[in-house]
Amino acid sequence: MVRGLGELESTIMDHMWAVKRPASVRDVLEHLQQERTLAYTTVMTVMDKLHTKGLLKRQPVGRAYIYEAVSSKEAYTADVMRASLASSGNRAATLVHFLERLTPEEASALEAALQVYPPRGRSS
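In this text the structure is predicted, and so the values were computed from the model without any measurement.

What counts, and at which threshold
- Residues numbered from 1 in each chain as written.
- Predicted model: local features only at pLDDT ≥ 70, side-chain atom pairs only at ≥ 80, totals over all residues.
- Heavy atoms only, no water.
- Salt bridge = Lys/Arg side-chain N within 4 Å of Asp/Glu carboxyl O.
- Helix = DSSP H or I, 4+ residues; strand = E, 2+ residues; numbered from the N terminus.
- Buried < 20%, exposed > 50% of the residue type's maximum accessible area, 1.4 Å probe, protein only.
- Core = buried A, V, L, I, M, F, W, Y, C linked by side-chain atoms within 4.5 Å.
- Contact = heavy atoms within 4.5 Å.

Enquirer: Give me the pattern of salt bridges: which residues, what numbers.
Expert: Across all of its chains, the model carries four salt bridges by this definition. The salt bridge involving lysine 53 is made with glutamate 9; its shortest N-O contact spans 3.0 Å. Here lysine 53, found in the loop between α3 (40-52) and β2 (56-61), pairs with glutamate 9, found in helix α1 (residues 7-19); they are 44 residues apart in sequence, far enough to count as distant. Classification of lysine 53 by relative accessible area gives partly exposed; the value is 28%. We note a salt bridge from aspartate 48 to arginine 58, for which the minimum N-O separation is 2.7 Å. Of this pair, aspartate 48 sits in helix α3 while arginine 58 sits in strand β2, and the two are 10 residues apart along the sequence. Among the residues examined, aspartate 48 registers a relative accessible area of 31% and is labelled partly exposed.

Okay, here's the thing in structure tokens:
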């Protein structure tokens, strides 16, 4: 099951997805401190929790860890969407409500995605 992210977790993951490379706690802290004051231990604890949740992998380097996102932001978002759909009770009704609320731009993106990856059992 995909767990939701807290505000600082989301901020850290957005940074990790944006840089697309391994980063230390210090690297992330320096980036975050451009907009707010945080303690090193706070960032370290949150990154450890993100590792425990399976969103970051880490490798020891000296006495610290270097962290890297396990998957892309798009893949994570897809997992969240699937978990929400699975827990909805009535998947068909949930999908209908979802489709009713799509903006024209979102509907176009969905149509484009279905052209790239058609549903099983459907011919192009």
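Enquirer: Could you give an account of the nonpolar core, with specific residues and numbers?
Expert: Membership of the largest hydrophobic core comes to 20 residues, with the highest contact counts inside it found for Ile12, Met16, Val28, Val43, Met47 and Leu56. Secondary structure elements with two or more residues in this core: α1, α2 (25-32), α3 and β3 (64-69). Broken down by element, the residue count for this core peaks at five residues, all from α1. Not counting residues within four places of it along the chain, the set of residues in contact with valine 28 comprises Ile12, His15, Met16, Ala23, Val43 and Met47.

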